[in-house]
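Structure at a glance
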Amino acid sequence: MSQAIATSRLDQNDWVLQIEKLSVQLQTEAGVHNAVHLLDLALRRGETFALVGESGCGKSMTAMALLRLLPEAARISSGTVRLGSTDLNQLSESRMRVVRGGQLAMVFQEPATSLNPVMPVGRQIVETLLAHTSYRGQAARKRAIYWMNRVGIHEAEKRINDYPFQFSGGQKQRIMIAIALAAEPEVLVADEPTTALDVTVQGQILHLLADIQQEMGLAILLITHDLAIVKKVARYVALMKQGEIVETGSVDSFFENPRHAYARQLINAIPAYEKRGRSLVTGQRVVESGDGSNARSTGTPVLQVRNLSVAYPQRGGLLRRVLAYKPIVEDVSFDLHAGETLALLGESGCGKTTTAKALMRLLDQQARIQGEVLLAGKSLFSANRRQLRILRQSMQIVFQDPYASLDPRMVVGDILEEGVAALRPELDKTQRANRIRNLLDRVGLPANTVTRYPHEFSGGQRQRIAIARALAVEPKVLICDEPTSALDVSVQAQILELLQTLQNELEMAYLFITHNFGVVEYLSDRIAIMDGGKLVEMNDAALVLQQPQHAQTQRLLAAVPRL
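Conventions and cut-offs
Residues numbered from 1 in each chain as written. Predicted model: local features only at pLDDT ≥ 70, side-chain atom pairs only at ≥ 80, totals over all residues. Heavy atoms only, no water. Domains from an automatic or database assignment. Pairing = 2+ DSSP bridges. Helix = DSSP H or I, 4+ residues; strand = E, 2+ residues; numbered from the N terminus. Contact = heavy atoms within 4.5 Å. Axes fitted to C-alpha atoms, helices over the stretch in contact; angles between N-to-C directions. pLDDT = per-residue confidence, 0-100. Core = buried A, V, L, I, M, F, W, Y, C linked by side-chain atoms within 4.5 Å. Buried < 20%, exposed > 50% of the residue type's maximum accessible area, 1.4 Å probe, protein only. Salt bridge = Lys/Arg side-chain N within 4 Å of Asp/Glu carboxyl O. Disulfide = S-S within 2.5 Å. Expected span 1.5 Å × (residues − 1).

**Re the domain arrangement of the protein chain**
Structurally, the protein chain comprises domain 1 (15-103 + 188-269), domain 2 (120-184) and domain 3 (339-363 + 382-559). Placing the centre of domain 2 and that of domain 3 at their C-alpha centroids yields a distance of 39 Å.

See the structure below:
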């Protein structure tokens, strides 16, 4: 049982979920190993218990074991899971189906893949009501509308027949919460419920869960790798590493006096403004990130953006003619100097990624693009195909998702060589091979990486490969689109340190697109805030963070969870 929760002080009836000596074995090609080993936890009614750790530590496997939804290769080898007085591991599957979704519910990590794409969201909520409550017919429909309203879906009566693709990421997560809570369970397992959301939507989801928890007396097991969220919402915390809990206690004691070295390592790796100039990995002093005064020279900017506007066509009629254009980015202007990091911040859908794609001329066939962009003094938008190939040597992009941006059918060596061969045709095969070896060494990957496929690497290693590919042609400008959003805090620290080292060595300019304020505080020289496709504020990082002028900047900063 958790050391932090003294059972002698509490009535046993307060415990709604008790996990004792739970072990889960996973069959792999390399043999059997313990994904979860002798795990002890207890949840009290009306409280939030956070289970934290990095990818692969066993957090989600624990959640799946609680609901008996383990993959075929995994099995519970020992332990008990008690919901009230019922041992869930002893129930038949038919009885477990009554518990699952009724008394014990789960909000999954990725709502886009958890919701049925061909079923209206209202029917998905009604399914839960029909399976676990006495609501039927119009009463079930009205209850589904109630839950959509309760989780903050506006005009629920009109939207109950809409499909998942018609909702934003934050709205999909709200619908997942409505489905999970429709039967009013005793325990909610929330597996990374805010990972892919921007800070304001993240704050809304956490506030929503807290409100409903207070209203229903719900016990929440929050599974996450975001320690700032843990401090904001949880009362107790357990830290997992390699399938075992290495530290447990109250949230206050965990953050004020972490006992385990792994806990201290994770807390130290969280980026923040006060850690500028220090390594997040070692804690040692490194080259100062600066306040922007050193990075911005008085010379000509390496990238000049003037009045950039992007609009997507809206088509209609039998012939799908263009009826109008919907503006996504409007009148955006900024300069970027060698050695400078400009962070482009804003909520999801504000136009950050569209701006990046327009700068790379990846939207030429899809959107109407206006304005002027000068890269090293040469016009990017008026360049022909041959000129564009030369200019692309000077500007590269690291995409948000390394899983989707690397060709799964090519070995890494071919992926890296492809770009060099296309953009630096003067190099022969031996020179290209030498450059690739140097790149892999620079980003901290072993030499045998060239003969392996992307699926053989972790998320952090794949992002290093994506960075190596972008650096292969030695660009002057590197656009980083959410390069650390899907990474654990320690892997994120390694990637940020790598980017800083490369910038100091090569004097590259970074356009850093993100909604992670911790990364921005630690890395950026200047910050630009986007809202509704427009730049609403831009200044030195310290001024934007400490003296925000625009209401949107103030709202974003107020929503940031902090340690």
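**Notes on the sheet that holds strand S11 (residues 303-316)**
Judged by pairing direction, the sheet is antiparallel, and its 4 strands sit side by side in the order S12-S11-S14-S15 without closing on themselves. In the strand order of this sheet, the two ends are held by strand S12 (321-336) and strand S15 (378-379), each with one partner. For strand S14 (residues 368-375) and S15, the ladder comprises 2 bridges, and the chain directions are antiparallel. Residue pairing in the sheet places Leu-375 in a bridge with Lys-378 of S15. Relative to the sheet, helix H12 (residues 352-359) contacts S11, S12 and S14, its axis offset from that of S11 by approximately 105°.

**Let's talk about the pairing of strand S1 (residues 15-28)**
Looking at chain direction, S1 and strand S2 (residues 31-44) are connected through 10 bridges and run antiparallel. Bridged to Gln-27 within S2 is Val-32. Linkage of S1 to S2, two consecutive antiparallel strands, is achieved through a turn of 2 residues. Bridging between S1 and strand S4 (residues 74-83) involves 8 bridges; their strand directions are antiparallel.

**As for the confidence of the model for the protein chain**
Residues with a pLDDT of 70 or more make up 95% of the protein chain, whose mean pLDDT is 88. Contacts from residues 1-11, a stretch scored under 50 in pLDDT, to residues over four places away or in other chains number 23 contacts. Across residues 289-295, confidence stays below pLDDT 50; counting only partners more than four residues off in sequence or on other chains, it has 16 contacts.

**Some thoughts on the nonpolar core**
In this structure, Leu-227, Val-230, Phe-254, Ile-467, Leu-478 and Leu-499 are the most contacted members of the largest nonpolar core, which totals 53 residues. The element best represented in this core is helix H18 (residues 489-506), accounting for 7 residues. Each of domain 1 (15-103 + 188-269) and domain 3 (339-363 + 382-559) accounts for three or more of the residues forming this core. Among the nonpolar cores identified, the runner-up in size contains 38 residues, and Ala-140, Ile-145, Met-176 and Ile-220 belong to it.

**With respect to the pattern of salt bridges**
Applying the stated criterion across every chain, the model contains 24 salt bridges. Of the charged contacts in the structure, one is a salt bridge between Glu-417 and Arg-432, with a shortest N-O distance of 3.0 Å. Note that Glu-417 is positioned in helix H15 (residues 412-423) and Arg-432 in helix H16 (residues 429-442), a separation of 15 residues in sequence. For the residue pair Glu-417 and Arg-432, the accessibility class agrees, reading buried in each case.

**Structural notes on the side chain of Thr-553**
For Thr-553, the location among the structural elements is in helix H21 (residues 551-559). In contact with Thr-553, other than residues within four places in its own chain, are Ile-529, Glu-537, Val-544 and Pro-548.

**Things to note about the state of the cysteines**
Here the structure, examined in full by the defined rule, presents 0 disulfides. Cys-350 provides the cysteine sulfur closest to Cys-480, a residue in no disulfide bond, and the two sulfurs are 17 Å apart. On the basis of relative accessible area, Cys-480 is assigned to the buried category, the value being 1%.

**Here we look at the environment of Asn-307**
Positionally, Asn-307 belongs in strand S11. For Asn-307, a relative accessible area of 42% translates into the label partly exposed. Separated by 63 residues in sequence, Asn-307 and Gln-370 place their C-alpha atoms 7.5 Å apart.

**Describing helix H5 (residues 137-150)**
With 14 residues, H5 extends 20 Å from end C-alpha to end C-alpha; this agrees with the ideal 20 Å at 1.5 Å per step. All of the buried residues in H5 are Ala-140, Arg-143, Ala-144, Ile-145, Trp-147 and Met-148. Among the structural elements, helix H4 (121-132), helix H6 (156-159), helix H7 (169-181) and helix H8 (199-216) are those in contact with the buried residues of H5. Where H5 terminates, the next one or two residues include Gly-152, which has phi positive at roughly 95°.

**Quick word on the sheet that holds strand S13 (residues 341-345)**
The strands making up a sheet associate through hydrogen bonds between their backbones, and the pairing can be parallel or antiparallel. The sheet built from 6 strands is open, its strands ordered S16-S17-S18-S13-S19-S20 with mixed pairing. The open sheet has two free edges, formed respectively by strand S16 (395-398) and strand S20 (534-540), since each of these has just one partner strand. Recorded for the sheet is a direction-independent mean angle of 15° between the axes of neighbouring strands. Sheet topology places strand S17 (residues 477-481) next to strand S18 (residues 509-514); 5 bridges connect them, and they run parallel. Bridged to Cys-480 within S18 is Phe-512. Along the sheet face, H12 touches S13, S16, S17, S18 and strand S19 (526-531) and points at about 145° away from the line of S18.

**Considerations on H18**
The terminal C-alpha atoms of H18 lie 26 Å apart, and with 18 residues this matches the ideal 26 Å at 1.5 Å per residue to within 8%. When we look at burial in H18, the residues that qualify are Val-489, Ser-490, Gln-492, Ala-493, Ile-495, Leu-496, Leu-498, Leu-499, Gln-500, Leu-502 and Gln-503. A positive backbone phi angle near 55° is found at Glu-507, which sits one or two residues after H18.

**Some words on the side chain of Arg-462**
In this fold, Arg-462 is placed in helix H17 (residues 459-471). Once residues lying within four places of it in the same chain are set aside, the contact partners of Arg-462 are Pro-402, Tyr-403, Leu-406, Pro-454, His-455 and Phe-457.

**Let's talk about the pairing of S12**
As paired strands, S11 and S12 are joined by 11 bridges and run antiparallel to one another. Residue Gln-314 lies in a different strand from S12, and its bridge partner there is Ala-324. Counted between consecutive antiparallel strands, the loop separating S11 from S12 contains 4 residues, among which Gly-317 sits at a positive phi close to 85°.

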